[in-house]
Amino acid sequence: MTAITDLKLFDEEMNRLRDKYPDWHIWMSQARRLWATRKGRISPDSSRDSRWSMTIDADTFDELDKQLAE
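Since the model is a prediction, treat every value here as computed from it, not as a measurement. Each chain has its residues counted from 1, following the order in which its sequence is written. For this predicted model, a pLDDT threshold of at least 70 governs which residues receive local features, and a threshold of 80 or more governs which side-chain atom pairs are given and counted, while totals over whole chains, interfaces and linings are taken from all residues. Side-chain metrics in this entry use all non-hydrogen atoms of the structure; hydrogen atoms and water are not considered.

1. A word on the confidence of the model for the chain
This prediction gives the chain a mean pLDDT of 86; 87% of its residues lie at or above 70. Mean pLDDT values over the elements of the chain span from 92, in helix H1 (residues 7-20), up to 96, in helix H2 (residues 61-69). Values of pLDDT, the confidence the predictor places in each residue, fall between 0 and 100. Each helix is a run of DSSP H or I of at least 4 residues and each strand a run of E of at least 2, with the numbering of both proceeding from the N terminus.

Here's what the structure looks like:
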């Protein structure tokens, strides 16, 4: 994992993901992990596949982007 020390780059990456996935709330924890949680009222449905998640996490922006795309 490459640490993002440039705050401008961090903001750009965070905004890119937030714009790309507006149905998700995306943030970084104090432990410096990236998280995304679905927004809105979401009711479980029996047709969802086993990979469906309400909240996901990743070490890098690329990893989070890949998971969100799935």
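Now, onward.
2. Points about the pairing of strand E3 (residues 55-58)
Only protein chains enter the area calculation, which uses a 1.4 Å probe; residues under 20% of their type maximum are buried, those over 50% are exposed, and those in between are partly exposed. Of the two faces of E3, the one holding Ile-56 and Ala-58 is buried and the one holding Thr-55 and Asp-57 is not buried anywhere. Bridge analysis of strand E2 (residues 34-38) against E3 gives 4 bridges, and the strand direction is antiparallel. Considered in E3, the bridge of Trp-35 is made with Asp-57. Here, strands pair whenever DSSP counts at least two bridges between them.

3. Digging into the packing of aromatic side chains
Whether two aromatic rings pair depends on their centres lying within 6.5 Å, for rings of Phe, Tyr and Trp, where Trp uses its six-membered ring; planes under 30 degrees apart make the pair stacked, over 60 edge-to-face, and the rest tilted. In this structure the tally under the stated criterion is 2 aromatic pairs. For the ring pair Phe-10 and Phe-61, a centre distance of 5.7 Å and an interplane angle of 65° mean the geometry is edge-to-face. Remark: Phe-61 occurs in helix H2 and Phe-10 occurs in helix H1; sequence separation between them is 51 residues. Take Phe-61: its relative accessible area is 6%, and that puts it in the buried class.

4. Observations regarding the packing of H1 against H2
Note on geometry: axes are C-alpha line fits, over the in-contact stretch for helices, and angles between N-to-C directions span 0 to 180 degrees. The interhelical angle for the contact between H1 and H2, taken along N-to-C directions, is 0°, at an axis separation of 11 Å. Between H1 and H2, the interaxial angle falls into the category roughly parallel. Counting all contacts with H1, which are made through Phe-10, Glu-13, Met-14, Arg-16, Leu-17 and Lys-20, the residues of H2 involved are Phe-61, Leu-64 and Asp-65. Three classes are used: nonpolar for Ala, Val, Leu, Ile, Met, Phe, Trp, Tyr, Cys and Pro, charged for Asp, Glu, Lys and Arg, and polar for all others, with Gly counted as polar. Partitioning the contact of H1 with H2 into residue classes produces 5 nonpolar, no polar and 4 charged. For classification purposes, angles smaller than 35 degrees are called roughly parallel, those larger than 145 roughly antiparallel, those between 65 and 115 roughly perpendicular, and all remaining angles oblique. Contacts are assigned to residue pairs with any non-hydrogen atoms lying within 4.5 Å of each other.

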